Structures are given as structure tokens and as C-alpha cells.
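Okay, here's what each chain looks like letter by letter:
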Amino acid sequence: MKFELPKLPYGYDFLEPVIDKATMEIHHSKHHAAYVNNLNAALEKHSDFEFTCIGSVLENIDKVPADIKQAVINNGGGHLNHLLFWKSLAAPDTSVLTGEIKEKIEGDLGGYEKFVDLFSAAATSRFGSGWAWLVLNKDGKLEVISTPNQDSPVMEGKFPLLGLDVWEHAYYLNYQNRRPEYIKEFFRVVNWDFVNSRLEKAKNHCGCNK
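What counts as what
Residues numbered from 1 in each chain as written. Predicted model: local features only at pLDDT ≥ 70, side-chain atom pairs only at ≥ 80, totals over all residues. Heavy atoms only, no water. Buried < 20%, exposed > 50% of the residue type's maximum accessible area, 1.4 Å probe, protein only. Helix = DSSP H or I, 4+ residues; strand = E, 2+ residues; numbered from the N terminus. Pairing = 2+ DSSP bridges. Phe/Tyr/Trp six-rings, centres within 6.5 Å; stacked < 30°, edge-to-face > 60°. Contact = heavy atoms within 4.5 Å. Polar contact = N/O pair within 3.5 Å; in protein donor to acceptor, adjacent residues only side chain to side chain. Core = buried A, V, L, I, M, F, W, Y, C linked by side-chain atoms within 4.5 Å. Axes fitted to C-alpha atoms, helices over the stretch in contact; angles between N-to-C directions. Salt bridge = Lys/Arg side-chain N within 4 Å of Asp/Glu carboxyl O.

Participant: Is there a simple way to think about the pairing of strand S3 (residues 159-165) in this case?
Facilitator: Remember that side chains alternate between the two faces of the sheet whenever the strand is regular. Counting buried residues in S3 gives seven out of seven residues, a clear majority hidden from the surface. Relative to S3, strand S1 (residues 130-136) runs antiparallel, the two being bridged by six bridges. Within the sheet, the bridge partner assigned to Trp-133 lies in S3 and is Gly-163.

Participant: Please explain the packing of aromatic side chains as it appears in this structure.
Facilitator: The description of an aromatic ring pair rests on the distance of the ring centres and on the angle between the ring planes. Counted by the stated rule, this structure contains 16 aromatic pairs. Arranged with centres 5.5 Å apart and planes meeting at 50°, the rings of Phe-115 and Phe-119 form a pair that is tilted. Placement of both Phe-115 and Phe-119 in helix H5 (residues 112-125) is noted, with a separation of four residues, approximately one turn of the helix. Taking relative accessible area as the criterion, Phe-115 reaches 0% and is therefore assigned buried. Pairing Phe-186 with Phe-187 gives two aromatic rings, centres 5.8 Å apart and planes at 65°, and the pair type is edge-to-face. For the pair Phe-186 and Phe-187, one class covers both residues: buried.

Participant: Which parts of the structure should I look at to understand the environment of Asn-40?
Facilitator: Tracing the backbone through its elements, the reader meets Asn-40 in helix H1 (residues 21-43). Overall, the relative accessible area of 9% leaves Asn-40 in the buried class. Considering only alpha carbons, one finds Asn-40 and His-79, 39 residues apart in sequence, at a separation of 11 Å. Dropping the residues within four chain positions of it, Asn-40 is found in contact with Lys-2 and Phe-3. Here Phe-3 takes part through its backbone nitrogen, which lies 2.9 Å from a polar atom of the side chain of Asn-40.

Participant: Would you mind going over the nonpolar core with me for this structure?
Facilitator: Formed by 47 residues in total, the largest nonpolar core has its most connected members in Ile-101, Phe-115, Leu-134 and Phe-186. With six residues, the top contributor of residues to this core is S1. If near-sequence neighbours (up to four positions away) are discounted, Phe-115 is found in contact with Ile-105, Leu-109, Leu-134, Val-144, Leu-162, Phe-187 and Trp-192. Ranked by size, the runner-up nonpolar core spans 16 residues in total, among them Leu-43, Phe-49, Ile-68 and Val-154.

Participant: Which parts of the structure should I look at to understand the sheet that holds S1?
Facilitator: Strand-to-strand pairing in sheets goes through backbone hydrogen bonds, with the strands running parallel or antiparallel. Spatial strand order, S2-S1-S3: three strands in an open sheet with antiparallel pairing. Both edges of this open sheet fall to strand S2 (142-148) and S3, since each of them pairs with a single strand only. Going across the sheet, the axis of each strand differs from the next one's by a mean of 25°, ignoring polarity. Sitting on the sheet, helix H8 (residues 192-203) touches S1 and S3, and the angle it makes with S3 is about 145°.

Participant: Please clarify how the pattern of salt bridges should be interpreted in this entry.
Facilitator: Pairing is possible between side chains of opposite charge, provided their charged atoms come close. Summed over the entire model, instances satisfying the criterion amount to 11 salt bridges. Glu-143 is the partner of Lys-158 in a salt bridge, and the nearest nitrogen-oxygen pair spans 3.1 Å. With Lys-158 in the loop between S2 and S3 and Glu-143 in strand S2, the pair connects residues that are 15 residues apart, well separated along the chain. Note on Glu-143: relative accessible area 24%, which makes it partly exposed. Ionic pairing is found between Glu-156 and Lys-158, a salt bridge with its closest N-O pair at 3.6 Å. Residue class for Lys-158 comes out buried when judged on its relative accessible area of 17%. Among the charged side chains, a salt-bridge network with shared partners connects Asp-93, Glu-185 and Arg-188.

Here's what the structure looks like:
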């Protein structure tokens, strides 16, 4: 089984002006593609290693052969994180927070404004490269966390609902060193319908994130 770079469900200019066309093209066709290629190369070293999807591999990372474990964390995490990231984006100012995710944000996190504050703080305070996440934890509650590099929340037993890539390659062409501005603009392109679908999927847990 080889992993493949997925096609985006929209054009590279779909998110402008929030995320520019050039950044999206490089991010998807170069960075994400590299994670896929490196993941496949690592797994080729152990053709007898059985797995169903990258989510299940990362959920059971301790079962991965030791000599490729870190490569799978880095590149498998990069692949899984981006599979979620691309789908969680909508055209600027078109998606409205509604449904069960709105109710849970109000009940678990104290409302949308509190969520934005928590998520922004997690994204801003991540030193170096990494991600900010809205996840469903083992107790069925929403939680905002941050992970380093390409580590995935599934390795902590948490189900990712929404993630923001704060690696510099995700924003530097347009925002340069202004990460807080990039984070602020991100909320304009969140696809809340997709986040609601993730919440529904979490009830019938599937680490494959498909």
C-alpha cells in the first residue's frame, strides 16, 4: 500500500486573500508531497509491516519498527495533518458556526470568543514549527492543544477536529514574520460544516481521517 498526495477540492487561489495562491501551491505540491514520498520510502523498508491507514499507524506508533518510527511520526504526521487541514478550509467569510460544534464550543469552552482566544494563544505560543488544534479528548470534551513539528493529536488519543499549520511555509510569503495576523485571518476560512462532520465521525471513531 502506497500513500498518495490528494488533489485539493478547490483551486490554489480559492482562499485568497487570506492565503495566497503561491503559498497554497508550494504548500500542497512541494511540502505535503514530500511528506508522502518520505513516508512511503520509510515504510518500504518494512514490507511486512501491516496497517490499514495512516491514522491507525500513528495511533499505534509504538508498534512501528524502531528504525523508522521517527520518520513515520514526522512524515506520517505531516500527511495526516494536511489531509485534515485542506478539508477544513472554506472560501473567506462563507462558513458559519452552527450545529453541534457550536453547542459544544459554548458548553465545553465557554463560547466562540473564548475558543478564538484559546486557539490563537495555542497557535501563537507554539515555539518554532507545529500546529494548533481543536480536538475531542477521551472524555468527549472539546480541548484546544498545540503539537510540535508534525506530531498528530491521535498519538495522544485525541481526535482532531480542526487544525492550523503554523510552520512558516504555511504563511511566510504573505505574512512574513506576522504569525498573529495569519492566525487572526485563519478564522475567516474555517469550514465549520467540515468540523461538524468531524465531530460526527468522532462518535464512530475512525483514525483514518478520510
